[in-house]
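Understanding the architecture of this molecule
The primary structure of each chain is shown beneath.
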Amino acid sequence: MLPSLIRIWEAVRAHHMDTWLAEQDLAWDWCAARGAAEDAAGEARLRQEAVGEVGKRPTIDANEEVMLTCVMDLIKAFEMTSLPVVWKWGIHYGFPRRVLRNVLTYFGYARRLAVNGCLSEPLCTATAIVAGSRFSVWFLKLALMFPMETLHNLWPMATMKGYVDDLLLQVQGLAHTITETAGDMVEQCISLLRENQLEVSR
């Protein structure tokens, strides 16, 4: 957890993040003022119902319109997020550099484990977004922005949503087309995440 002085410093500089956010196009992001986890799940369910419940039938016609929904959970996303990856994409997407540098600096401060009044030697790490920081969720989004944008460019027919560390992909089309392409889309998503040192629970 972060001490009070750092929390005050973050609160004073929150407007820099708000200004940056207003300039971003994050249509895939549902962890924002306009939505919540229930909203993202509800819209996905409505899209699925609009196409029809085909998964319960024993057979599906190859030329039938279907929708595939894939939900993925990132493994320990906050603990495993690489700080150099956050820096790389923060610079790429124009996040305020001074704020980014300072926050990543104290995210990387040495820590000690405390057990029954005993303290470990100082531990330094280049991973882990610190819980309790005003910037924690948005730094995870920085690590997700490039994979999500790239996936959208590669598969423009797909609908993508993200809520913190949960991702949802939906693609609609003819059954034979979805069967041929859906696996590649999911594998491409996993590969892009892995390139940014994020792993999907399987």
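In what follows, the accompanying structure is described.

About the cut-offs
- Residues numbered from 1 in each chain as written.
- Predicted model: local features only at pLDDT ≥ 70, side-chain atom pairs only at ≥ 80, totals over all residues.
- Heavy atoms only, no water.
- Helix = DSSP H or I, 4+ residues; strand = E, 2+ residues; numbered from the N terminus.
- Buried < 20%, exposed > 50% of the residue type's maximum accessible area, 1.4 Å probe, protein only.
- Contact = heavy atoms within 4.5 Å.
- Axes fitted to C-alpha atoms, helices over the stretch in contact; angles between N-to-C directions.
- Parallel < 35°, antiparallel > 145°, perpendicular 65-115°, else oblique.
- Nonpolar A, V, L, I, M, F, W, Y, C, P; charged D, E, K, R; others polar.
- Left-handed = near helix turned anticlockwise from the far one by under 90°.
- Pairing = 2+ DSSP bridges.
- Disulfide = S-S within 2.5 Å.
- Expected span 1.5 Å × (residues − 1).
- Bend = angle between axes of the 7 residues up to and from the residue.
- Polar contact = N/O pair within 3.5 Å; in protein donor to acceptor, adjacent residues only side chain to side chain.

1. Observations regarding the overall build of the protein
Check the secondary structure of the protein and you find 8 helices and 5 strands. Within the protein, the proportion of its 202 residues that are buried is 42%. Long-range contacts, defined as pairs at least 24 residues apart, comprise 70% of the intrachain contacts of the protein with a sequence gap of at least 6.

2. With respect to the packing of helix α5 (residues 83–92) against helix α6 (residues 97–107)
Following both chains from N to C, one finds α5 and α6 inclined at 175°, their axes separated by 11 Å at the closest point. Between α5 and α6, the angle falls in the class roughly antiparallel. Counting all contacts with α5, which are made through Leu83, Val86, Trp87, Gly90 and Ile91, the residues of α6 involved are Arg97, Leu100, Arg101, Leu104 and Phe107. Here the residues of the contact of α5 with α6 sort into 7 nonpolar, 1 polar and 2 charged.

3. Structural notes on the packing of α5 against helix α7 (residues 136–154)
Axis separation between α5 and α7 bottoms out at 9 Å; the angle between their running directions is 70°. Accordingly, the angle class assigned to the pair α5 and α7 is roughly perpendicular. In terms of crossing hand, the pair formed by α5 and α7 is left-handed. The residues of α7 that touch α5, namely those facing Val85, Val86, Trp89 and Gly90, are Phe139, Leu142, Ala143 and Phe146.

4. Section: the sheet that holds strand β1 (residues 65–73)
Backbone hydrogen bonds hold the strands of a sheet together, and the pairing may be parallel or antiparallel. With respect to topology, 3 strands assemble into an open sheet ordered β1-β5-β4, the strand pairing being antiparallel. Every other strand in the sheet has two partners, leaving β1 and β4 (158–163) as the edge strands with one partner each. Strand after strand, the sheet turns through a mean of 15° between neighbouring axes, direction not considered. Of the strand pairs in this sheet, β4 and strand β5 (residues 166–174) are connected by 6 bridges, and their pairing is antiparallel.

5. Description of unusual backbone geometry
The backbone of asparagine 116 sits at a positive phi, close to 50°, despite the residue not being glycine. Turning to its location among the elements, asparagine 116 is positioned in the loop between β2 (114–115) and β3 (118–119). Of note in the backbone geometry, valine 164 takes a positive phi value of approximately 55° without being a glycine. Inspection of the secondary structure puts valine 164 in the loop between β4 and β5.

6. Comments concerning the state of the cysteines
By definition, a disulfide links the sulfur atoms of two cysteine residues through a covalent bond. Enumeration according to the criterion identifies 0 disulfides in this entry. Looking at cysteine 70, it has no disulfide partner, and the nearest cysteine sulfur is the one in cysteine 189, 7.6 Å off. Judged by its relative accessible area of 17%, cysteine 70 is buried.

7. Quick look at helix α8 (residues 175–195)
If you check α8, its first and last C-alpha atoms are 30 Å apart, about what 21 residues at 1.5 Å a residue would give, namely 30 Å. Of all the bends in α8, the greatest measures close to 35° and is centred on threonine 181. Buried residues along α8 sit in contact with β1, α7, β4 and β5. Just past α8, the residue glutamine 197 takes up positive phi, approximately 60°.

8. Side note on the side chain of asparagine 196
Relative to the elements of secondary structure, asparagine 196 occurs in the segment after α8. Residue asparagine 196 is classed as buried on the basis of its relative accessible area of 5%. Looking at asparagine 196, its side chain comes within polar contact range of the main-chain oxygen of leucine 192, at 3.1 Å. Those residues in contact with asparagine 196 that sit more than four places away from it in its chain are Val85, Trp89, Ala143 and Pro147.

9. Regarding the pairing of β5
Relative to β5, β1 is paired through 9 bridges, and the arrangement is antiparallel. In the sheet register, threonine 69 faces β5, and the bridge partner there is glutamine 170. Between the antiparallel neighbours β4 and β5 lie 2 residues, among them valine 164 with a positive phi of about 55°.

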